[in-house]
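Spelled out from the first residue to the last, the chains are:
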Amino acid sequence: MSLDTLTSTTTNPIENWSQIVWKPRFFAIWLGQASSLVGSALTQFVLIWWITQTVGTAHALSIAGMMALLPQAVFGPIGGIIADRWNRRLIMISSDLISAISMIILIVLFTTEQIQLWHIYTLMFLRSTMQAFQSPAATASTSQLVPPDWLTRAAGMNQIILGLMSVAAAPLGALAMSLFSLEGALMIDVVTALLAITPLLFYKVPQTRQAAEDQASMWHDFRSGFSMILRHRGLTLMYGLTLLMVAVLIPTFVLTPLLIQQEFGGGVERVALMEGMGGLGMLIGGLLISIMQFSMRRIVLVLVMFALSSAMVGLAGLVPGSLFWVAVVLWFISGVTYTVGNAPIIAIVQTIVPNQMQGRALSLYSTMIGLAGPLTLPLTGPLSELIGIRMIFIGGGFIAALVCCLAFLSSSILRIEQTPITTDN
């Protein structure tokens, strides 16, 4: 029985999962994507540290952050529509391939000593654009690669990837810079992209596509996806909550190297330690959400863990310069709690939204995150000069925690999974 032929209009149309050997395909694709994301995060760290050493201003790092986030806001809705209409497997292959080619061009520019700052910004913009197409295709595919009772676990495993990106990227990036030339360190991203493409050449990815009679213009699909979110009040509020929380926290992620350099007197080793421990926390959080059954409802888990994670960021900004290890511990706890809270969001969307509309729903979620950067990063440089790097962390962390706590006042958010979306809505 072929998994690819068992499709319908439900979120997960496959009923007899016990008769299907699904794990080899899922884990082969998952491991490939994991290697690519870790490789990309490693080279991202190398490039950010190059900017920190070469330019060393909050303005330059803010622009880098915008280049990494803005395309997801601009192209995310288009990526979601395409993921619902086109072959998701080919979308993932094409995105990884274009990213690899772009990195090769950047390596050539470094080798020939023609590199300029705008070249790096362009690469970050292009890589983020490819992510806007790849991410909704990959995430929407998950609900048909695993049984329904594996959705939260699979989301937790995806959080493990994020943890691996952070825990491995900073120390391995520092190690790569010490062992290889800059060009050699960047080549790692090309190799891992090829590792991600390889299993997709051998395995098919099942998907539920729109019926031919339901297909219209891409603008119509965008409006239908957007209106679907707006009709579901709980989903609308959850997306808005994410936008507000990330908007006030994103400057802290961008300015972490400067915080360590200016307030804790650290170099690349301390930056690698701080970000590595945060990544280790995300890795452990992903493991926890993958193997444990939490008694509280998923949406409650999201709000509680997000509030705790944000509060840890605020507390890290209060740590004196002589107690760097305390900031590291707080960053670690923030990573654990963020991951435990973030994984259920994807599972909630996959549960209440039909598969043939998940690409749009998930891309709009990414768009909310992508919009957060352009909303606040232009103010990050001037604001950090006005109130200082520490206050960016303190204010951002505690404001985000307050936003999460206020969400408990909304019954629509708390009942989000009790009103699933149907194709007739």
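Residues numbered from 1 in each chain as written. Predicted model: local features only at pLDDT ≥ 70, side-chain atom pairs only at ≥ 80, totals over all residues. Heavy atoms only, no water.

1. Digging into the overall build of the chain
Moving on, step 1. For the chain, the count of helices and strands is 14 helices and zero strands.
Moving on, step 2. A burial count over the chain gives 58% of its 425 residues as buried.
Moving on, step 3. Across the chain, contacts joining residues at least 24 apart in sequence account for 88% of those joining residues at least 6 apart. (Helix = DSSP H or I, 4+ residues; strand = E, 2+ residues; numbered from the N terminus. Buried < 20%, exposed > 50% of the residue type's maximum accessible area, 1.4 Å probe, protein only. Contact = heavy atoms within 4.5 Å.)

2. Concerning the nonpolar core
Moving on, step 1. With 99 residues, the main nonpolar core has Leu 106, Leu 235, Tyr 239 and Val 353 as its most contacted residues.
Moving on, step 2. Examining the composition of this core, we find that 15 residues originate from one element, helix H8 (residues 233-263), more than from any other.
Moving on, step 3. Contact partners of Leu 106, with chain neighbours within four places excluded, come to Leu 47, Ile 115, His 119, Ile 120, Leu 123 and Leu 186.
Moving on, step 4. Within the second largest apolar cluster, 22 residues are counted, among which are Trp 30, Ala 83, Met 92 and Ala 154. (Core = buried A, V, L, I, M, F, W, Y, C linked by side-chain atoms within 4.5 Å.)

3. Topic: the packing of aromatic side chains
Moving on, step 1. Here the structure, examined in full by the defined rule, presents six aromatic pairs.
Moving on, step 2. Between Phe 75 and Phe 125 the ring centres are 6.4 Å apart and the planes differ by 80 degrees, which places this aromatic pair in the edge-to-face class. One end of the pair, Phe 75, is in helix H2 (residues 58-85); the other, Phe 125, is in helix H4 (residues 117-142), with 50 residues separating them in the sequence.
Moving on, step 3. The class of Phe 75 is partly exposed, set by a relative accessible area of 24%.
Moving on, step 4. Relative to Tyr 338, the ring of Phe 306 has its centre 5.5 Å away and its plane inclined at 15 degrees; by these criteria the two rings are stacked. One end of the pair, Phe 306, is in helix H10 (residues 298-318); the other, Tyr 338, is in helix H11 (residues 324-352), and 32 residues separate them in sequence. (Phe/Tyr/Trp six-rings, centres within 6.5 Å; stacked < 30°, edge-to-face > 60°.)

4. Focus: the environment of Thr 52
Moving on, step 1. Within the secondary structure, Thr 52 sits in helix H1 (residues 23-54).
Moving on, step 2. Spatially, the C-alpha atoms of Thr 52 and Leu 258 are 7.8 Å apart, while their sequence positions differ by 206 residues.

5. Points about the pattern of salt bridges
Moving on, step 1. In the structure shown here, the tally under the stated rule is two salt bridges.
Moving on, step 2. A salt bridge links Arg 127 to Asp 189, with the shortest nitrogen-to-oxygen separation between them at 2.6 Å. Of the two residues, Arg 127 is situated in helix H4 and Asp 189 in helix H6 (residues 182-202); the sequence distance between them amounts to 62 residues.
Moving on, step 3. A relative accessible area of 14% means that Arg 127 is categorised as buried.
Moving on, step 4. Classification of Asp 189 by relative accessible area gives buried; the value is 3%.
Moving on, step 5. Glu 263 is the partner of Arg 390 in a salt bridge, and the nearest nitrogen-oxygen pair spans 3.2 Å. With Arg 390 in helix H13 (residues 389-406) and Glu 263 in helix H8, this residue pair connects regions lying 127 residues apart in the sequence. (Salt bridge = Lys/Arg side-chain N within 4 Å of Asp/Glu carboxyl O.)

6. Here's the deal with H1
Moving on, step 1. Taking 1.5 Å as the rise per residue, H1 with 32 residues should run 46 Å; its terminal C-alpha atoms sit 46 Å apart, in good agreement.
Moving on, step 2. Of the residues trailing H1, Gly 56 is marked for its positive phi of about 70 degrees. (Expected span 1.5 Å × (residues − 1).)

7. Considerations on the packing of helix H3 (residues 88-111) against H4
To characterise two packed helices, one gives the angle between the axes of the helices and the distance between these axes.
Moving on, step 1. Where H3 contacts H4, the two axes come as close as 9 Å, and the packing angle between them is 165 degrees. It follows that H3 is roughly antiparallel to H4 by the angle criterion. Helix-helix and strand crossings are classified by hand; for H3 and H4 the assignment is left-handed. Facing Arg 88, Ile 91, Met 92, Ser 95, Ile 98, Ser 99, Ser 102, Met 103, Leu 106, Leu 109 and Phe 110 of H3, the residues of H4 in contact are His 119, Ile 120, Leu 123, Leu 126, Arg 127, Met 130, Phe 133, Gln 134, Ala 137, Ala 138, Ala 140 and Ser 141.
Moving on, step 2. In the contact of H3 with H4, the residues fall into 15 nonpolar, six polar and two charged. (Axes fitted to C-alpha atoms, helices over the stretch in contact; angles between N-to-C directions. Parallel < 35°, antiparallel > 145°, perpendicular 65-115°, else oblique. Left-handed = near helix turned anticlockwise from the far one by under 90°. Nonpolar A, V, L, I, M, F, W, Y, C, P; charged D, E, K, R; others polar.)

8. Points about the packing of H1 against H4
Moving on, step 1. Interaxial distance between H1 and H4 falls to 12 Å at its minimum, and their mutual angle equals 160 degrees. It follows that H1 is roughly antiparallel to H4 by the angle criterion. Like other packed secondary-structure pairs, H1 and H4 cross with a definite hand, here left-handed. Residues Phe 26, Gln 33, Leu 37, Ser 40, Thr 43, Gln 44, Leu 47, Ile 48, Trp 50 and Ile 51 of H1 lie in contact with H4, whose contacting residues are Leu 117, Ile 120, Tyr 121, Leu 123, Met 124, Arg 127, Gln 131, Gln 134 and Thr 142.

9. Observations concerning a nonpolar patch on the surface
Moving on, step 1. On the surface, Leu 379, Leu 383, Leu 386, Ile 387 and Met 391 cluster together to form a nonpolar patch covering roughly 490 Å² of accessible area.
Moving on, step 2. Per-element tally for the nonpolar patch: the top contributor is helix H12 (residues 355-387), with four residues.
Moving on, step 3. Among the structural elements, Ile 387 can be located in helix H12.
Moving on, step 4. Judged by its relative accessible area of 39%, Ile 387 falls in the partly exposed class. (Patch = residues over 30% accessible without salt bridge, like charges linked within 9 Å, V, L, I, M, F, W, Y side chains within 5 Å. Areas by Shrake-Rupley, 256 points an atom, 1.4 Å probe, with all protein chains shown as cover.)

10. Quick look at unusual backbone geometry
Moving on, step 1. One non-glycine residue, Glu 113, lies in the positive phi region at around 60 degrees.
Moving on, step 2. Assignment of secondary structure puts Glu 113 in the loop between H3 and H4.
Moving on, step 3. A residue is classified by how much of its surface remains accessible, and Glu 113, at 72% relative accessible area, is exposed.

11. Some details on the confidence of the model for the chain
Moving on, step 1. Averaged over all residues, the pLDDT of the chain equals 79, while 86% of them reach at least 70.
Moving on, step 2. Counting contacts from residues 1-13, a segment whose pLDDT is below 50, to residues more than four positions away or on other chains yields 45 contacts. (pLDDT = per-residue confidence, 0-100.)

12. Focus: the side chain of Arg 89
Moving on, step 1. Examined against the element boundaries, Arg 89 turns out to sit in helix H3.
Moving on, step 2. Filtering out sequence-adjacent residues up to four positions away, Arg 89 remains in contact with Leu 200, Leu 201, Tyr 203, Lys 204 and Val 205.

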